[in-house]
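Chains, contacts and geometry: an overview
The primary structure of each chain is shown beneath.
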Amino acid sequence: MTNLRKCTAKLVTSRKENLFLPEGYPETVTSNYLRYTGWNIFQTFCSSALGVLSTQQLLLALGANSLTASAALNWVIKDGLGQLGGVVYAGTVGNKFDENPKHYKWMSSLSLNCSCGLEMLSTLYPGAFLPIAALGTVGKNVSALAGSASKAAIHLSLSKKRNLADLTAKSGTQATASCLFGTFFGTFLGYTFDYSGSLVAFGVLSASHLYACYKSLDCVVLNTLNPQRLDILLQEFKEKGRVLTPEEVSEKEATVRNYKPKDLVVGKLPSNMDIEECMKYWEGKEYLIVEQPQKTFLVFKEEAEQKELVEGYVEARARSWGLEKISLEQMTSKGWDTSQPFLSPNNTRFKVLN
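Figured I'd write up the structure that's included with this text. Please read these numbers as outputs of a predicted model, since none were measured by experiment. (Residues numbered from 1 in each chain as written. Predicted model: local features only at pLDDT ≥ 70, side-chain atom pairs only at ≥ 80, totals over all residues. Heavy atoms only, no water.)

1. Let's talk about the packing of aromatic side chains
Pairs of aromatic rings are described using the distance from one ring centre to the other and the angle between the two planes. For clarity, the cut-off: Only the six-membered ring of Trp is used, alongside the rings of Phe and Tyr, when aromatic pairs are assigned; centres must lie within 6.5 Å, and planes under 30 degrees apart are stacked while those over 60 apart are edge-to-face, with the rest tilted. Helix and strand definitions follow DSSP, with helices as H or I runs of at least four residues and strands as E runs of at least two, each counted in order from the N terminus. Type-normalised accessible area, obtained with a 1.4 Å probe on protein chains alone, sets the label of each residue: buried when under 20%, exposed when over 50%, and partly exposed for intermediate values.
Evaluated as defined, the whole model comprises seven aromatic pairs. Between the aromatic rings of F42 and F45, the centroid separation amounts to 6.5 Å while the plane-to-plane angle is 15°, which identifies the pairing as stacked. Residue F42 and its partner F45 are both found in helix α1 (residues 33-65); the two are separated by three residues, about one turn of the helix. Note on F42: relative accessible area 34%, which makes it partly exposed. One aromatic cluster is present, formed by F42, F45 and F185 through successive ring pairs.

2. Concerning the state of the cysteines
Note the following rule: Cysteine sulfur pairs qualify as disulfides if the two atoms are within 2.5 Å.
One pass over the full model with this rule turns up zero disulfides. Between C114, a free cysteine, and C116, which holds the nearest cysteine sulfur, the sulfur-to-sulfur gap is 9.6 Å.

3. Some details on the sheet that holds strand β1 (residues 264-266)
Rules: Pairing between two strands requires that DSSP report at least two bridges joining them. Note on method: axes are straight lines fitted to C-alpha atoms, helices fitted across the in-contact stretch only, with angles between N-to-C directions ranging 0 to 180 degrees.
Pairing within the open sheet is mixed, and its three strands lie in the order β1-β3-β2. The two strands at the open ends of the sheet, each matched to only one other strand, are β1 and β2 (287-291). Across this sheet, the average inter-strand angle for adjacent strands is 15°, counted without regard to direction. One ladder, built from three bridges, connects β1 with strand β3 (residues 296-300); its direction is parallel. Looking at β3, one finds that V265 is bridged to F297.

4. Things to note about the pairing of β2
The element β2 is extensively covered by neighbouring structure, given that four of its five residues are classed as buried. Here β2 pairs with β3 via five bridges, running antiparallel. Following the sheet pairing, V290 is matched in β3 by F297. Hairpin geometry of β2 and β3 is characterised by an intervening segment of four residues between the two adjacent antiparallel strands.

If you want it as structure tokens, here you go:
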């Protein structure tokens, strides 16, 4: 009979329930996750307090006009106009949220501050309640849309184990908790200070809100290619012959301003040339490059694939800057994702007719 060896065992589980952090933290997120989250929570706290202060002034301005059916109608109209403005904005921006999420997250915070600032002024001009309140609501809807749209790309950059849904859910619990405390704090300020004091408190919260947003975006590292990140990468390659990592490019990347190359135009042809003249420059590739003294124009073929967008952009820069071309393999070896570049806006492409 076979001898059976006695042994002891125990069940081990690695699952740890956490209301505010993704499951498996910190192994399931990038190293910059906690710094980003800390600043983002503080930013949400400030925005909630700002909202309470500005809404208080809206209600006071509405009360100055009298709380009648007319006043209620004004409130409904300003909400309707605000929602319409948000829809127009989202349709205009399109996939630029994915191209430059850090910039649009910043624009979301700036829009919220400006909107709340307008609402704070409504008490001084109760007769202009509707235009002031409508503009403020437009700004808040723009802020909400830009913030939620850009947040998806930022969360994706923080995710390591395909846990985007969990990370987004925990971001929601963090926001809910910070909003709750911000609401209490804003209510306390509103009932403690008079109008002048509320303005001072608003200014401090507004500055803190923008600072927290800037610091949180400083923690975000994106490995997708857009014109700004690729230009930084190519400029460094030209000067020092080395390929930067996404972390190194992030340190040089501008967040506040929306970067647009001045000497390279993508998706357009020179206005002084017709399509037949431009096609003389075509070399049979998936892109067309037209060089002029001050600008280089780059247009992609209708059937161009993602990798060919990168190759075309690099080729255009190689010609205008006089640098050696960098390969896709060199980029991917440093951690860059060349499979989904954001280098071709939704505008002109060319098609060869047989």
